[in-house]
Amino acid sequence: MAVQISPSILAADFARLADEAAAVPNADWLHVDVMDYHFVPNLTIGLPVVEALRKATSTPLDCHLMIDDPDRWAPQYAEAGAGSVTIHAEAAKGPIRTLREIRSLGARAGLALNPATPVEPYEDLLTEVDMLLLMTVEPGFGGQKFLDGVLPKVRRARQLIERHGGRVWLQVDGGVDAGTIERCAEAGADVFVAGSAVYGASDPGAAVDALRAAASLKSA
Ligand code: DX5
Ligand code: ZN
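Residues numbered from 1 in each chain as written. Chains lettered and ligands numbered in written order. Predicted model: local features only at pLDDT ≥ 70, side-chain atom pairs only at ≥ 80, totals over all residues. Heavy atoms only, no water.

- Going by what an unreviewed UniProt entry lists, the protein chain is known as Ribulose-phosphate 3-epimerase and is assigned to Nonomuraea jabiensis.
- Turning to the protein chain, the UniProt record has this under Catalytic activity (unreviewed entry): "D-ribulose 5-phosphate = D-xylulose 5-phosphate".
- UniProt, in its Function (unreviewed entry) section for the protein chain, records the words "Catalyzes the reversible epimerization of D-ribulose 5-phosphate to D-xylulose 5-phosphate." (UniProt positions renumbered as here; feature names shortened; annotations may be inferred.)

### A few points about the overall build of the protein chain
Then, in step 1: Each helix and strand in the protein chain was counted, giving 8 helices and 8 strands.
Then, in step 2: Computed over C-alpha atoms, the radius of gyration of the protein chain comes to 16 Å, within 12% of the 17 Å expected from 2.2 N^0.38 for 220 residues, which places it in the range of a compact globule.
Then, in step 3: A burial count over the protein chain gives 56% of its 220 residues as buried.
Then, in step 4: With the model as given, the accessible surface of the protein chain reaches about 9,100 Å², and the carbon-plus-sulfur share is 52%.
Then, in step 5: Taking the 19 positively charged and 29 negatively charged side chains of the protein chain as two groups, their mean positions are separated by 4 Å. (Helix = DSSP H or I, 4+ residues; strand = E, 2+ residues; numbered from the N terminus. Rg over C-alpha atoms; globule rule 2.2 N^0.38 Å. Buried < 20%, exposed > 50% of the residue type's maximum accessible area, 1.4 Å probe, protein only. Areas by Shrake-Rupley, 256 points an atom, 1.4 Å probe, with all protein chains shown as cover. Lys, Arg positive; Asp, Glu negative; His and termini not counted. Charge placed at Lys NZ, Arg CZ, Asp CG, Glu CD.)

### Details of the site of ligand 1
Then, in step 1: Around ligand 1, a shell composed of 20 residues is seen, among which D33, G140, D173, G195 and S196 lie nearest.
Then, in step 2: Measuring from an oxygen atom of ligand 1, one finds a side-chain N or O atom of H31 at 3.3 Å.
Then, in step 3: At a separation of 2.4 Å, an oxygen atom of ligand 1 approaches a polar side-chain atom of S196.
Then, in step 4: Coverage of ligand 1 by the protein chains reaches 98% of its 380 Å² of free accessible surface.
Then, in step 5: In the shell around ligand 1, the residues fall into 8 nonpolar, 10 polar and 2 charged. (Near = heavy atom within 4 Å. Polar contact = N/O pair within 3.5 Å; in protein donor to acceptor, adjacent residues only side chain to side chain. Nonpolar A, V, L, I, M, F, W, Y, C, P; charged D, E, K, R; others polar.)

### Description of the environment of L160
Then, in step 1: When you line up the elements, L160 lands in helix α5 (residues 151-163).
Then, in step 2: Taking the C-alpha atoms as reference points, L160 and I96, 64 residues apart in sequence, are found 18 Å from one another.
Then, in step 3: Apart from the residues within four sequence positions on either side, L160 is in contact with V119, E120, E123 and L126. (Contact = heavy atoms within 4.5 Å.)

Below, the structure written as structure tokens:
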């Protein structure tokens, strides 16, 4: 399993996003947290910023939509050039249709589950997704404490994925840092979102390297 690191720009300086993207040239993705004040109690950035960022960096954008009605909005993020678009299972009314639309527009399709949402009901959807995102904090804010209680679900998700051929990436998001990333890798995650642990560091690029090294040690 190849370890991938996706720094979350939620913890970056929003006034200097192009510089903040350039600070992590060794990142596999840039994680873009889109929030709408409805699905989560916070408001961040949307399509115009994704379009601008797309032109400002060659790092592919990993858009995590924490919004109501993703069926309506997600395809536009794929059209805007996001490399990956992830919708929440709790918010989507027609997830299969929306995931197919994302793929048909050339992006990878992701499905996200909140900490309290079980993974088993989504087993049959694995053929429709390129990445499963398991939240390891309640979505809405950066800098929260990692929820250890999600790790058994990460393990079960890895088993489900392997049963279906091992093609689907397994992403963890929330509280992932030098102290928690090894447990996530050990449980079977292979794509790691990190906001504070990267942009809170004095050298964000070095933080990406350190996280990758720690995850690779424990990765199967
Ligand atoms: C939280 C977001 C995360 C957040 C992670 O709702 O989805 O991507 O940026 O931030 P840290 O790594 O600081 O927990
Ligand atoms: Zn996120």
